[in-house]
Number of protein chains: 2
Amino acid sequence: MTAEQIVDAMIAALERKDLDEAATYMADDIEYDNVPIGKVIGPAAVRESLEPFLSRYTNVEWRILHQVASADVVMNERIDRFETATNGWIEIAVVGVFEVADGKVRLWRDYFDLAAATAAMSVA
Amino acid sequence: MTAEQIVDAMIAALERKDLDEAATYMADDIEYDNVPIGKVIGPAAVRESLEPFLSRYTNVEWRILHQVASADVVMNERIDRFETATNGWIEIAVVGVFEVADGKVRLWRDYFDLAAATAAMSVA
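Residues numbered from 1 in each chain as written. Chains lettered and ligands numbered in written order. Predicted model: local features only at pLDDT ≥ 70, side-chain atom pairs only at ≥ 80, totals over all residues. Heavy atoms only, no water.

Asks: Hey, could you run me through the sheet that holds strand E6 (residues 104-111) of chain B in this one?
Replies: Hydrogen bonds between backbone atoms are what pair the strands of a sheet, whose relative direction is either parallel or antiparallel. Residue and element names in this part refer to chain B. The 6 strands lie next to each other as E2-E1-E6-E5-E4-E3, forming an open sheet whose pairing is mixed. Two strands in the sheet have a free side with no partner beyond their single neighbour: strand E2 (38-41) and strand E3 (59-69). Strand-to-strand twist of the sheet, defined as the mean angle between neighbouring strand axes without regard to direction, takes the value 20 degrees. Relative to E2, strand E1 (residues 26-34) runs antiparallel, the two being bridged by 4 bridges. Along E2, the bridge assignment pairs Asn34 with Gly38. (Pairing = 2+ DSSP bridges. Helix = DSSP H or I, 4+ residues; strand = E, 2+ residues; numbered from the N terminus. Axes fitted to C-alpha atoms, helices over the stretch in contact; angles between N-to-C directions.)

Asks: Could you clarify how one ought to interpret the interface of chain B and chain A in this entry?
Replies: It is common to give the size of an interface as the accessible area lost on bringing the parts into contact. Taken together, the contact between chain B and chain A spans 23 residues of the former and 23 residues of the latter. When the buried area of chain B at its contact with chain A is split by residue, His66, Val68 and Tyr111 of chain B rank highest and sum to 35% of it. In this structure, the connection of chain B to chain A is made through 2 salt bridges. One salt bridge in this structure joins Arg109 of chain A and Glu77 of chain B, with 2.5 Å as the shortest N-O distance. Run the count over chain B and chain A and you get 8 residue pairs in polar contact (both at pLDDT 80 or more). Where the side of chain B that touches chain A is concerned, the elements lending two or more residues are E3, strand E4 (73-83), strand E5 (89-101), E6 and helix H4 (114-121) of chain B. The element best represented in the side of chain B that touches chain A is E5 of chain B, accounting for 5 residues. Grouping the amino acids of the side of chain B that touches chain A by side-chain chemistry returns 16 nonpolar, 3 polar and 4 charged. (Contact = heavy atoms within 4.5 Å. Buried area = accessible area lost by both parts, 1.4 Å probe. Salt bridge = Lys/Arg side-chain N within 4 Å of Asp/Glu carboxyl O. Polar contact = N/O pair within 3.5 Å; in protein donor to acceptor, adjacent residues only side chain to side chain. Nonpolar A, V, L, I, M, F, W, Y, C, P; charged D, E, K, R; others polar.)

Asks: Mind showing me how you'd approach the packing of aromatic side chains here?
Replies: Aromatic ring pairs are defined here through the distance separating the ring centres and the angle between the ring planes. What the rule picks out here adds up to 12 aromatic pairs over all chains. Measuring from centroid to centroid gives 4.4 Å for Tyr32 of chain B and Trp108 of chain B, while their planes differ by 40 degrees, and the two rings are tilted. With Tyr32 of chain B in strand E1 and Trp108 of chain B in strand E6, the pair connects residues that are 76 residues apart, well separated along the chain. The two residues Tyr32 of chain B and Trp108 of chain B agree in class, both being buried. One aromatic cluster is present, formed by Tyr32, Trp62, Phe98 and Trp108 of chain A through successive ring pairs. Over the aromatic face of Trp89 of chain A sits the side chain of Arg81 of chain A, whose NZ or CZ is 4.3 Å from the ring centroid. (Phe/Tyr/Trp six-rings, centres within 6.5 Å; stacked < 30°, edge-to-face > 60°. Buried < 20%, exposed > 50% of the residue type's maximum accessible area, 1.4 Å probe, protein only. Lys NZ or Arg CZ within 6 Å of the ring centre and 35° of its normal.)

Asks: Explanation requested: the pairing of E4 of chain B in the structure shown.
Replies: Consecutive side chains along a regular strand alternate between the two faces of the sheet. All names here are of chain B. E4 sits mainly inside the fold: 9 of its 11 residues count as buried. Where E3 meets E4, 10 bridges bridge the pair, whose relative direction is antiparallel. From the neighbouring strand, Val60 faces E4, where its bridge partner is Phe82.

Asks: Whenever I open this one, the pattern of salt bridges confuses me. Can you help?
Replies: When the charged atoms of two side chains lie near each other, side chains of opposite charge can form a pair. Tallied over the full model, the rule gives 24 salt bridges over all chains. Across the pair Asp33 of chain B and Arg109 of chain B runs a salt bridge whose closest N-O atoms are separated by 3.8 Å. With Asp33 of chain B in strand E1 and Arg109 of chain B in strand E6, the pair connects residues that are 76 residues apart, well separated along the chain. Taking relative accessible area as the criterion, Asp33 of chain B reaches 10% and is therefore assigned buried. Note that Arg78 of chain B is salt-bridged to Asp110 of chain B, the shortest N-O span being 3.0 Å. Taken as a pair, Arg78 of chain B in strand E4 and Asp110 of chain B in strand E6 lie far apart in primary sequence, 32 residues in all. Each of the two residues, Arg78 of chain B as well as Asp110 of chain B, counts as buried. Each of Glu61, Arg63, Arg81 and Glu91 of chain A takes part in one network of salt bridges that share partners.

Okay, here's the thing in structure tokens:
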């Protein structure tokens, strides 16, 4: 699999809220950095930060606006969409930077405006 | 010039605060979107928003952490650094998305955390 295919597969698994599969694409020392919030290290910590968040939503869809990849770096501009139980979809504008080595994601850094994301997520 | 060379040249001109040269790389209908703030259209509007900002600093240096390009899209992860007259360098973590068509930048969209940028820029 290319770096781009690995990132695509990890994101597809997250959209299905399949954290078990998503973790298979992560390096043991993956750095997951939500830039305005902070970083965690390792698949277990990624899961701990994503699972409670994703479980709040009935559907998850990350639309790719632009994506460019080299042999070991993938960058994508996304609209991360989350369907709430009662108030439709919320959207967060995000850019992700991914480094892939030995077939695993070892860096995932998401850039977004924290105030905009917090406002979007305040809708239940 | 490739899309990547055009973006690199535009950024190099901005680091020199040479808005005249930077404008030569911009399409007439360039969309310049500072995502958490808003967008402006056209080289004159880009200049109006960047020139007063860049002129506040004695030196401007945008360090590229990652950059990936295709034929018409360039994405870069940057630390935009600005030297203040009396308080050293300030830094803003940014990701840029650029679309290039017919040898000109027609879309430039920068993602960053507005609160972090505002705090950094409050240092004179």
